Amino acid sequence: SLSAGSIDIGNASEYKSESSFEMLRGVAVQAQKLSSDGISVVCISRGTAGSDEMNHFLNENECCMYIALKASSGEATTAYYNDTYFIPGLNSVTLADTLEKNELAALGGHGKLVRTDDELILNMTVPAAAVTIGNEGAFDSMEEYTGYAADALNESIDTALNTLRL
């Protein structure tokens, strides 16, 4: 089975409220369940792992992309890309752009695409991007919000994999 990539939800200590971390965990778990047949999505929390350790993990698990999820209480959805890793087809900019567009379509609000200064993403050997998911307040329940965010994430993964297969 093809390992689509890893979804990094960070650490609970990075968030002021545990609900943000739990929301991200819910999005990642739902995205795993929604994955197409034959594609696995590995959910991780990088902890203190550096780029060498993370690249080793990605290679060991045959991951073809890396996505870091973050939560925001604001309306904006922001996708961060690595502009130093560029290959034809799927690259870090394309992956970030796909994440931003799909999350905005699902969650509303407004978005932006920003070059990252995250050393981990900058040193990845596979297409890598981070997305901060916002606009939580526009939904009636956390379950509804998590469902839409997971659907959008899964759509992004499928789009990215189709780009790789071209």
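The structure presented is a predicted model; accordingly, all values stated were derived computationally and were not measured. (Residues numbered from 1 in each chain as written. Predicted model: local features only at pLDDT ≥ 70, side-chain atom pairs only at ≥ 80, totals over all residues. Heavy atoms only, no water.)

1. Quick word on the pairing of strand E3 (residues 66–71)
Argument step 1. For E3, a buried count of 5 out of 6 residues is recorded, marking the element as mostly surrounded by other parts of the structure.
Argument step 2. Relative to strand E6 (residues 128–133), E3 runs parallel, the two sharing 6 bridges. Note that in E6 the partner of Tyr66 across the bridge is Ala128. (Buried < 20%, exposed > 50% of the residue type's maximum accessible area, 1.4 Å probe, protein only. Helix = DSSP H or I, 4+ residues; strand = E, 2+ residues; numbered from the N terminus. Pairing = 2+ DSSP bridges.)

2. Let's talk about the nonpolar core
Argument step 1. Met65, Ile67, Leu69, Leu95 and Leu153 are the most contacted members of the largest nonpolar core, which has 27 residues in total.
Argument step 2. Of all the secondary-structure elements, those providing two or more residues to this core are helix H1 (18–34), E3, strand E4 (76–81), helix H3 (92–107), E6 and helix H5 (142–165).
Argument step 3. Residue contributions to this core peak at 7 residues, all from H5.
Argument step 4. Met54, Cys63, Tyr66 and Ile121 belong to the second largest nonpolar core, which has 11 residues in total. (Core = buried A, V, L, I, M, F, W, Y, C linked by side-chain atoms within 4.5 Å.)

3. Brief notes about the pattern of salt bridges
Argument step 1. Overall, the coordinates contain 2 salt bridges when judged by the stated rule.
Argument step 2. The salt bridge involving Asp83 is made with Arg115; its shortest N-O contact spans 2.9 Å. Taken together, the residues Asp83 in the loop between E4 and H3 and Arg115 in strand E5 (residues 110–115) connect sequence positions 32 residues apart.
Argument step 3. For Asp83, a relative accessible area of 40% puts it in the partly exposed group.
Argument step 4. Put simply, Lys101 and Asp97 hold a salt bridge, and the shortest N to O gap is 3.0 Å. Of this pair, Lys101 and Asp97 are both found in helix H3, 4 residues apart, which corresponds to roughly one turn of the helix.
Argument step 5. Overall, the relative accessible area of 24% leaves Asp97 in the partly exposed class. (Salt bridge = Lys/Arg side-chain N within 4 Å of Asp/Glu carboxyl O.)

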